[in-house]
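The lines below spell out each chain.
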Amino acid sequence: MSNPELNHDYWMRHALALAKRAWEEGEVPVGAVLVRNNEVIGEGWNRPIGRHDPTAHAEIMALRQGGMVLQNYRLIETTLYVTLEPCVMCAGAMVHSRIGQLVFGARDAKTGAAGSLMDVLHHPGMNHRVEIIEGVLRDECAAMLSDFFRQRRLEKKAQKKGPEPLI
């Protein structure tokens with residue numbers, strides 16, 4: 001029996017909590033949760049800096065974990081919740097893993113591959129199409145990213161300025 005409380009907002013809040021972990025680790029705050037039958041089978045947050053791995057995006061981490069849980073690279077009948085529209089690499093992984101649905105919060109005008117820059121998930125040449133729902137908790141997802149980059153700019157500005165004179 002499905003729990004009506006476990007809706008898109010609920011799972012996106014879970015993804016936002018994971019994005020916060022990325023921020024705490026100095027990574028761009030993106031979180032992802034892979035859900036099947038109202039159960040988490042994979043979680044991830046951005047970790048390319050800490051892992052020295054350009055593929056360690058939140059979505060990839062969640063898909064890898066889901067594959068291990070299901071013991072299958074095909075993640076059929078799953079939904080991936082992500083705080084930010086996926087990039088080309090992550091969108092390609094979603095197609096290859098055959099997820100059923102992507103739910104994302106904020107659009108990424110610069111690198112988004114689910115409709116902003118391009119739409120990998122519905123490309124006619126792909127052998128699988130992923131259903132997309134966008135804009136779930138859009139404002140919270142976008143605010144976390146803009147707050148992170150605002151803080152990062154302030155830190156860089158403070159470094160350039162140097163310490164205050166003691167006199």
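These figures come from a predicted structure and were not determined experimentally.

A. Region of the structure containing helix 3 (residues 58-70). In this model, helix 3 (13 residues) spans 18 Å end to end at C-alpha, consistent with the 18 Å of a helix rising 1.5 Å per residue. The secondary structure elements touched by the buried residues of helix 3 are strand 1 (31-36), strand 2 (39-45), helix 2 (48-51), strand 3 (79-84) and helix 4 (88-97). Positive phi appears at Gln71, one or two residues downstream of helix 3, with a value of about 55°.

B. Quick peek at the pairing of strand 4 (residues 101-106). Of all six residues in strand 4, six are buried; the element is thus mostly enclosed. In this region the chain leaves strand 3, passes through helix 4 and returns to the parallel neighbour strand 4; the handedness of that crossover is right-handed. Pairing between strand 4 and strand 5 (residues 131-134): four bridges, direction parallel. Of the residues in strand 5, the one forming a bridge with Gln101 is Glu131.

C. Expanded view of the packing of helix 3 against helix 4. Contact geometry of helix 3 with helix 4 gives a least axis separation of 9 Å together with a crossing angle of 20°. The angle between helix 3 and helix 4 falls in the class roughly parallel. Once helix 3 is placed against helix 4, the crossing between them reads as left-handed. For the pair helix 3 and helix 4, the contacting residues are Glu59, Ile60 and Leu63 in the first and Met89, Cys90, Ala93, Met94 and Ser97 in the second. Class assignment for the residues of the contact of helix 3 with helix 4 results in six nonpolar, one polar and one charged.

D. The arrangement of the UniProt feature "active site" (unreviewed entry) in the chain in detail. Per the UniProt entry, the sites bearing "active site" (unreviewed entry) are Glu59 in this numbering. With respect to the secondary-structure elements, Glu59 resides in helix 3. Beyond its immediate stretch of four places on either side in the chain, Glu59 contacts Ala32, Leu80, Val82, Leu84, Pro86, Cys90 and Met94.

E. Seen up close, the environment of Cys87. Note on placement: Cys87 falls in the loop between strand 3 and helix 4. Look at Cys87 and you get buried, because its relative accessible area is 16%. Taking the C-alpha atoms as reference points, Cys87 and Glu59, 28 residues apart in sequence, are found 9.5 Å from one another. If we ignore the near neighbours within four places in the chain, the residues touching Cys87 are His57, Thr111 and Ala113.

Basis of the calculations
Residues numbered from 1 in each chain as written. Predicted model: local features only at pLDDT ≥ 70, side-chain atom pairs only at ≥ 80, totals over all residues. Heavy atoms only, no water. Helix = DSSP H or I, 4+ residues; strand = E, 2+ residues; numbered from the N terminus. Expected span 1.5 Å × (residues − 1). Contact = heavy atoms within 4.5 Å. Buried < 20%, exposed > 50% of the residue type's maximum accessible area, 1.4 Å probe, protein only. Right-handed = clockwise from strand over helix to strand, strands pointing away. Pairing = 2+ DSSP bridges. Axes fitted to C-alpha atoms, helices over the stretch in contact; angles between N-to-C directions. Parallel < 35°, antiparallel > 145°, perpendicular 65-115°, else oblique. Left-handed = near helix turned anticlockwise from the far one by under 90°. Nonpolar A, V, L, I, M, F, W, Y, C, P; charged D, E, K, R; others polar. UniProt positions renumbered as here; feature names shortened; annotations may be inferred.

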